[in-house]
Amino acid sequence: MRRCELIRVLGGIVVGLRPHRLLVVAIAVFALLPIETGNAGWLPDLFKISSKHPKSQKRAKSAKPARLARHRAPSKPRATRLAALGPVALPPSVSKPAAGKCDPATFRIVLDVGHTAESEGAISARNVAEFAFNLRLARLIEEKLKAEGFAETRLLLTEGKARPSLFRRVASANNLRADLLLSIHHDSVPNKMLEDWEFEGRKGHFSDRFSGYSVFVSRENPDFETSLRFAELVAGEMKAQGLRYAEQYSQAIMGRDQHPLLNKETGVYSYDELIVLRKTAMPAVLLEAGSIINRDEELKMGSPERRNSIAGGVASAVKEFCDPRWALFGPL
Ligand SMILES: [Zn+2]
């Protein structure tokens, strides 16, 4: 039945109704009418989401989206139902398109260099601090992204001791009003797995048991859905580079470092409590680029070739995130 005919039929029913029933009928009419974008002039810009500017998506965030965002919302039907009930505050998973397009010139990704010069993170098998690996890789990623036109890319270096630095880096990322955060790390193993050896006359520790990259997201991030989308792209690119992911995080042997594996093909894990992933106001992902406690992999991670392929993979993931067509056709 066409909309105008329906109104005429309902109009006939309305004649003879007492005034207090008119309100009930009016609500029923709005609930039954199909919502057509072209006709829904009374609707505020609630459902008009800019597909070009992710900052407008950010403004659409509601106060408590984290738990709602856990469930992948069937966006279209739900939006239509909610539209029939009038303007309401929508969780981002509903109000946002599944995959947004962004302008590289204004899109701001923050590359968070894991750890600090004072608290350097893990120590490699050859006694090099993780912070040095993180900084070198993050700088190369920054370089590649800027070369691809992502002029707003920012390297985030934090100072101070480990725990306070975590809150400082979150505050810095939030102040930068970033659209996306990628935290760069290199992996080690729990202390109980370490073995002793000597390298160039110095005592050191190693474990050749595990290797590989891994990608983490927090289900407590205010925009988990977008975080996961970017994590999938990063992990997919790592796999496409011929790298294998670290499988041990899904195993009981890791004790409290065991985490749910969200994608067993590409190696995306959830790590809900991680401050840098859950306290940031923007979608956030953490990349453990590879193991530096594994003696073979440490050498690879130190090589320009490996650094180049990881940084190139991350840059491709960001481009794909910003424009899904890139994955199909390459640069447009
Ligand atoms: Zn680390």
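Structural data are supplied above this passage.
Residues numbered from 1 in each chain as written. Predicted model: local features only at pLDDT ≥ 70, side-chain atom pairs only at ≥ 80, totals over all residues. Heavy atoms only, no water.

1. Overview of the coordination of the zinc ion
Phase 1 of the analysis: Around the zinc ion, the donor atoms from the protein are His115 (NE2), Glu130 (OE), Glu130 (OE) and His185 (ND1), and they sit 2.1 to 2.8 Å away.
Phase 2 of the analysis: Coordination geometry of the zinc ion: the 4 donor atoms subtend angles of 51 to 140° at the metal centre, consistent with an arrangement described as irregular.
Phase 3 of the analysis: Residue His115 is classed as partly exposed on the basis of its relative accessible area of 25%.
Phase 4 of the analysis: For Glu130, a relative accessible area of 3% corresponds to the buried category. (Donors = N, O, S within 2.8 Å, 3.2 Å for Na, K, Ca; no water. Tetrahedral: all angles 85-135°; square planar, octahedral: opposite > 155°, others 65-115°. Buried < 20%, exposed > 50% of the residue type's maximum accessible area, 1.4 Å probe, protein only.)

2. Some thoughts on the packing of aromatic side chains
Two measures describe an aromatic ring pair: the distance that separates the ring centres and the angle between the ring planes.
Phase 1 of the analysis: This model, assessed by the stated rule, comprises 10 aromatic pairs.
Phase 2 of the analysis: Ring geometry for Phe107 against Phe150: centres 6.2 Å apart, planes inclined by 80°, an arrangement best described as edge-to-face. In this pair, Phe107 sits in the loop between α6 (92-95) and β1 (109-113) while Phe150 sits in the loop between α7 (130-147) and β2 (154-156), placing the two residues 43 residues apart along the sequence. Per residue, the accessibility class of Phe107 equals that of Phe150, and both read buried.
Phase 3 of the analysis: Taking the centre distance of 6.3 Å and the plane angle of 75° together, the rings of Tyr245 and Tyr269 count as edge-to-face. A residue pair is termed long-range when its members are at least 10 positions apart, and Tyr245 in the loop between α9 (224-240) and β7 (261-263) and Tyr269 in strand β8 (residues 268-270) qualify at 24 residues. (Phe/Tyr/Trp six-rings, centres within 6.5 Å; stacked < 30°, edge-to-face > 60°. Helix = DSSP H or I, 4+ residues; strand = E, 2+ residues; numbered from the N terminus.)

3. What about α9?
Phase 1 of the analysis: Helix length check: α9 (17 residues) gives 24 Å between terminal C-alpha atoms against 24 Å at 1.5 Å per residue, within 8%.
Phase 2 of the analysis: Most of α9 is tucked away, with 12 of its 17 residues classed as buried.
Phase 3 of the analysis: Considered for burial, the residues of α9 that qualify are Phe224, Glu225, Thr226, Ser227, Leu228, Phe230, Ala231, Leu233, Val234, Ala235, Glu237 and Met238.
Phase 4 of the analysis: In the segment just after α9, Gly242 is the residue with positive phi, at about 85°. (Expected span 1.5 Å × (residues − 1).)

4. With respect to the sheet that holds β1
Phase 1 of the analysis: Spatial strand order, β2-β1-β3-β9-β6-β8-β7: 7 strands in an open sheet with mixed pairing. The two strands at the open ends of the sheet, each matched to only one other strand, are β2 and β7. Between one strand and the next, the sheet's axes are offset by a mean angle of 30°, whatever the strand orientation.
Phase 2 of the analysis: Of the strands in this sheet, β1, β3 (180-187), β6 (214-217), β7, β8 and β9 (284-291) touch α9, which is tilted by about 175° from β6. (Pairing = 2+ DSSP bridges. Axes fitted to C-alpha atoms, helices over the stretch in contact; angles between N-to-C directions. Contact = heavy atoms within 4.5 Å.)

5. Some thoughts on the state of the cysteines
Phase 1 of the analysis: A full pass over the atoms with the stated rule returns 1 disulfide.
Phase 2 of the analysis: Between the sulfur of Cys102 and that of Cys322 lies a disulfide, 1.8 Å long from S to S. Its S-S torsion of about -105° marks the bond between Cys102 and Cys322 as left-handed, since a negative value means left-handed. Of this pair, Cys102 sits in the loop between α6 and β1 while Cys322 sits in helix α12 (residues 304-322); the two residues are 220 residues apart in sequence, bridging distant segments of the chain. (Disulfide = S-S within 2.5 Å.)

6. Here's the deal with the pairing of strand β5 (residues 202-206)
Side-chain direction in a regular strand flips from residue to residue, so the side chains alternate between the two faces of the sheet.
Phase 1 of the analysis: Direction of pairing for strand β4 (residues 195-199) relative to β5: antiparallel, over a ladder of 5 bridges. Pairing of Glu198 across the sheet is with Lys203, part of β5.
Phase 2 of the analysis: The antiparallel hairpin formed by β4 and β5 contains 2 residues in its connecting segment, where Glu200 sits at a positive phi of about 50°.

7. Remarks on the packing of α9 against α12
Each pair of packed helices can be described by the angle between their axes along with the distance between the axes.
Phase 1 of the analysis: Relative to each other, α9 and α12 sit at 140°, their axes nearing to 8 Å. By the angle between their axes, α9 is oblique relative to α12. Along this stretch, α9 crosses α12, giving a crossing that reads as right-handed. When α9 is examined against α12, the residues Thr226, Arg229, Phe230, Leu233, Val234, Glu237 and Met238 are found in contact with a partner set consisting of Ile310, Gly313, Val314, Ser316, Ala317, Val318, Glu320 and Phe321.
Phase 2 of the analysis: Across the contact of α9 with α12, the residue classes break down as 9 nonpolar, 3 polar and 3 charged. (Parallel < 35°, antiparallel > 145°, perpendicular 65-115°, else oblique. Left-handed = near helix turned anticlockwise from the far one by under 90°. Nonpolar A, V, L, I, M, F, W, Y, C, P; charged D, E, K, R; others polar.)

8. What to know about the nonpolar core
In globular proteins that are soluble, nonpolar side chains generally tend to be buried together.
Phase 1 of the analysis: The biggest cluster of nonpolar side chains holds 64 residues, and the ones touching the most others in it are Phe107, Ile109, Leu182, Val215, Phe230 and Leu287.
Phase 2 of the analysis: Setting aside residues up to four positions removed in sequence, Phe230 forms contacts with Ile109, Leu180, Leu182, Val285, Ala317, Val318 and Phe321. (Core = buried A, V, L, I, M, F, W, Y, C linked by side-chain atoms within 4.5 Å.)

9. Observations concerning the pattern of salt bridges
Phase 1 of the analysis: In total, this model carries 12 salt bridges according to the counting rule given.
Phase 2 of the analysis: In this structure, Arg108 engages Glu152 in a salt bridge whose closest nitrogen and oxygen atoms are separated by 2.3 Å. With a gap of 44 residues between them, Arg108 in the loop between α6 and β1 and Glu152 in the loop between α7 and β2 connect regions that are remote in the sequence.
Phase 3 of the analysis: With a shortest N-O distance of 3.9 Å, Lys264 and Glu265 are connected by a salt bridge.
Phase 4 of the analysis: Each of Arg108, Glu152 and Arg154 takes part in salt bridges that share partners, so that together they form one network. (Salt bridge = Lys/Arg side-chain N within 4 Å of Asp/Glu carboxyl O.)

10. Some thoughts on the environment of Phe107
Phase 1 of the analysis: Judged by relative accessible area, which is 1%, Phe107 ranks as buried.
Phase 2 of the analysis: Taking C-alpha positions, Phe107 is 7.7 Å from Thr153, a pair spaced 46 residues apart along the chain.

11. Notes on the side chain of Arg169
Phase 1 of the analysis: Among the structural elements, Arg169 can be located in helix α8 (residues 162-175).
Phase 2 of the analysis: Here Arg169 falls in the buried class, since its relative accessible area comes to 3%.
Phase 3 of the analysis: In terms of polar contacts, Arg169 uses its side chain to reach the backbone carbonyl oxygen of His115, at 3.1 Å. (Polar contact = N/O pair within 3.5 Å; in protein donor to acceptor, adjacent residues only side chain to side chain.)

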